[in-house]
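# Structural description and commentary
Chain residues, written in single-letter form:
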Amino acid sequence: MTVVLNETTDFNLDTLRRVAWQGEAVQFGEDARARMRTARKRFLNMVETVPGLHIYGVTTGFGDGAATILSKEDQAKLAKAPNFVKNTGVGETMPARAIRAMIFTRLINYVSGYAAISMETAQAVADMLDGRPLPDVRVAGMDSAGEVLQLITLYAHLMGDMSQARDQNALRNGTGCAPGLLGDTALRARRRTKIAGAVHALSIDAASLNMDPWDRALKPLIADPHEGEAIDLLNGYLDGMEMKGRRSWQPPISWRILTRMLGHMLRTVAQLEQHAAMALSAINDNPVYLDEEQSPPHGRVISSGGFHVPYAYHPMNWMTATWADMAVITARETEQIHKKSVTGLPDRLWVDGKRYSTAFLAVSGYDLARRAAEHAAPALIPLYSGSDGQTDTVMPLFSAYEKEMKAARCYDLCLAMLAASSSQALTVAGREPAPALRPILADIRKAFPPVTDARNLGADTERLADAFSAAILGERQGFGLTD
């Protein structure tokens with residue numbers, strides 16, 4: 001399949017997932033091509049016919065060179081100048097899906113016509129999504145003014161002899177990366193909430209708790225649609241479960257506040273999706289070109305701050321903090337499910353004096369929750385003295401994205417520990433969970449079977465968390481997720 005791009009409305013979470021996650025190619029539709037050709041022609045005409053224009057990176061230099069209009073000869077040299085650096089990144093390589101997402105959303109400005117980029121260079125960027133090897137983009141050492149270092153790393157090979165007037169600006173200015181990374185974060189987060197709901201529901205059933213804190217009768221009292229969604233999520237998994245012999249008094253707080261905590265998680269994901277949709281529809285170039293119809297008689301170019309996107313990195317920070325909070329709740333439930341005073345089952349789930357169980361996961365869960373909290377320190381604009389009179393502020397985009405991924409991994413591991421402990425409790429109790437949870441429990445036990453001897457529980461936990469991640473990314477079926 002190929003995603004055809006005609007309008008900016010063709011950039012959305014669905015097409016992002018198809019291109020970034022599923023590896024589909026893209027092509028410019030006829031409407032987009034006509035718009036891009038017209039914008040390019042009008043832009044070049046404006047440059048030729050209107051004297052004295054300050055157009056950053058076209059009639060002037062970059063950085064402090066913005067103050068000086070270049071001669072025609074120097075303008076031509078600037079258009080084809082090779083970049084001064086190809087890469088500054090260090091550390092882990094970005095996931096291929098993230099790199100594809102950033103390339104895909106670089107095309108938003110092109111399709112809109114506001115970039116006035118040459119068709120040749122625009123096509124060269126689109127061709128990067130046809131399955132060829134991707135640029136080597138690292139996570140660390142890349143945050144910069146706007147996305148300059150990230151975009152140079154992605155497109156340095158297109159800067160030089162093949163580039164034309166305006167192309168270099170349209171490659172390395174504006175924000176091509178933020179919409180892609182924000183969209184990727186939103187897609188992963190939405191699917192993670194479904195696994196989280198399933199695992200927490202399984203723990204409720206396995207701990208033999210009563211249903212009071214998640215009673216549907218609470219929905220009109222709460223008056224929060226996201227917390228109402230959390231109640232429906234849990235009940236959807238727990239409907240039809242065996243109610244006989246359940247704990248009659250209130251559950252521990254970590255379970256009792258699940259409506260609040262899962263509701264907050266769902267609220268944060270909804271905010272992520274809202275901001276991603278906005279980013280995927282926004283024109284963010286710097287400078288941005290308005291043609292002669294929008295700004296008679298010749299059109300004009302406006303320098304803007306569109307390359308700095310706080311509504312990308314702050315929602316990622318919110319999501320990271322939410323994963324960290326949820327990791328603590330999950331670790332608490334993992335500990336509590338091993339207590340006889342909570343579940344009525346043998347302490348530590350030890351049976352007949354055999355000390356083989358998931359009890360020690362409770363200790364590991366707190367370590368992972370602590371690590372998630374460390375990642376949740378927000379990525380904010382760093383103090384930066386500036387390399388020149390123009391470039392004096394850095395956008396912490398990659399830092400926010402990295403922190404969210406690491407906190408999410410800690411939460412996945414905590415969920416794996418709770419899932420395994422719930423599975424163990426059901427094994428000790430000798431019963432099945434609610435009908436909707438049975439196939440999910442079977443998926444859990446494929447990666448983490450019930451403990452009957454001395455085992456490497458860390459390896460089992462990682463295997464289950466990896467299976468969660470694969471399901472979240474659509475690489476496998478299971479855990480209640482469908483593609």
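Below you will find a few notes about this structure. (Residues numbered from 1 in each chain as written. Predicted model: local features only at pLDDT ≥ 70, side-chain atom pairs only at ≥ 80, totals over all residues. Heavy atoms only, no water.)

The subject of this paragraph is the overall build of the protein chain. Helix and strand counts for the protein chain stand at 18 helices and six strands. Each principal axis of the C-alpha atoms in the protein chain carries an extent, and together these give about 90 × 40 × 40 Å. Taken over 483 residues, the protein chain has a buried fraction of 54%. At a minimum sequence separation of 6, the contacts of the protein chain that also span at least 24 residues come to 78%. Surface summary for the protein chain: the accessible area is close to 19600 Å², and the carbon and sulfur share equals 54%. One way to put it: in the protein chain the 51 positive side-chain charges average out to a point 5 Å from where the 54 negative ones average out. (Helix = DSSP H or I, 4+ residues; strand = E, 2+ residues; numbered from the N terminus. Buried < 20%, exposed > 50% of the residue type's maximum accessible area, 1.4 Å probe, protein only. Contact = heavy atoms within 4.5 Å. Areas by Shrake-Rupley, 256 points an atom, 1.4 Å probe, with all protein chains shown as cover. Lys, Arg positive; Asp, Glu negative; His and termini not counted. Charge placed at Lys NZ, Arg CZ, Asp CG, Glu CD.)

Under the criterion given, the structure shown has 34 salt bridges. The shortest N-O distance in the salt bridge between E229 and R190 comes to 3.6 Å. In this pair, E229 is assigned in helix α10 (residues 225–238) and R190 in helix α8 (residues 177–206), connecting sequence segments 39 residues apart. A relative accessible area of 34% means that E229 is categorised as partly exposed. A salt bridge links D205 to R246; the nearest nitrogen and oxygen atoms lie 2.6 Å apart. In this pair, D205 is assigned in helix α8 and R246 in the loop between α10 and α11 (253–256), connecting sequence segments 41 residues apart. No difference in accessibility class separates D205 from R246, as the two residues are buried. One salt-bridge network, held together by shared partners, links R42, D291, E292 and E293. (Salt bridge = Lys/Arg side-chain N within 4 Å of Asp/Glu carboxyl O.)

Once that is clear, we can look at the packing of helix α16 (residues 397–429) against helix α18 (residues 457–472). Remark: α16 packs on α18, axes separated minimally by 8 Å, with the N-to-C direction vectors making an angle of 115°. Here α16 and α18 pass one another in a crossing that is right-handed. Contact residues: R409, D412, L413, L415, A416, M417 and A419 in α16; T461, E462, L464, A465, D466, F468, S469 and I472 in α18. (Axes fitted to C-alpha atoms, helices over the stretch in contact; angles between N-to-C directions. Left-handed = near helix turned anticlockwise from the far one by under 90°.)

What follows covers the packing of aromatic side chains. Tallied over the full model, the rule gives five aromatic pairs. On the numbers, 5.4 Å between centres and 80° between planes, the contact of F43 with Y289 is edge-to-face. Here Y289 lies in strand β5 (residues 288–290) and F43 lies in helix α2 (residues 30–49), a separation of 246 residues in the sequence. Classification of F43 as buried rests on a relative accessible area of 1%. In this structure, R172 packs its charged tip against the face of F62, placed 3.7 Å from the ring centre. Across from the ring centre of W323, 5.2 Å away, lies the NZ or CZ of R192, which sits over that ring. (Phe/Tyr/Trp six-rings, centres within 6.5 Å; stacked < 30°, edge-to-face > 60°. Lys NZ or Arg CZ within 6 Å of the ring centre and 35° of its normal.)

Let us now look at the nonpolar core. Most often, soluble globular proteins keep nonpolar side chains buried together rather than apart. The biggest cluster of nonpolar side chains holds 134 residues, and the ones touching the most others in it are M94, L107, Y110 and Y155. The leading source of residues in this core is α16, at 19 residues. When sequence neighbours within four positions are dropped, the list of residues in contact with Y110 reads M36, A115, I117, A122, V125, A170 and L171. The next biggest cluster of nonpolar side chains, apart from the first, holds eight residues, and it includes M46, V47, V58 and A116. (Core = buried A, V, L, I, M, F, W, Y, C linked by side-chain atoms within 4.5 Å.)

This brings us to α8. In a regular helix each residue adds 1.5 Å, so 30 residues correspond to 44 Å; α8 covers 43 Å between its end C-alpha atoms and thus fits that length. In terms of burial, α8 is largely enclosed, as 28 of its 30 residues are buried. Within two residues after α8, S208 carries a phi angle of roughly 60°, on the positive side. (Expected span 1.5 Å × (residues − 1).)

In strand β2 (residues 25–28), alternate side chains face the same way, and those of V26 and F28 are buried while those of A25 and Q27 on the opposite face are not. Between strand β1 (residues 2–5) and its parallel partner β2, the chain crosses via helix α1 (residues 13–21), and the hand of that crossover is right-handed. (Right-handed = clockwise from strand over helix to strand, strands pointing away.)

A few words on the environment of M142. Mapped onto the secondary structure, M142 falls in the loop between β4 (138–140) and α6 (148–155). Through-space distance from the C-alpha of M142 to that of G236 is 43 Å; in sequence the pair is 94 residues apart.

Tracing the sequence through the fold places R40 in helix α2. Only 2.7 Å separates the side chain of R40 from the backbone oxygen of A165, close enough to count as a polar contact. Those residues in contact with R40 that sit more than four places away from it in its chain are A116, I117, S118, Q164, A165, R166 and D167. (Polar contact = N/O pair within 3.5 Å; in protein donor to acceptor, adjacent residues only side chain to side chain.)

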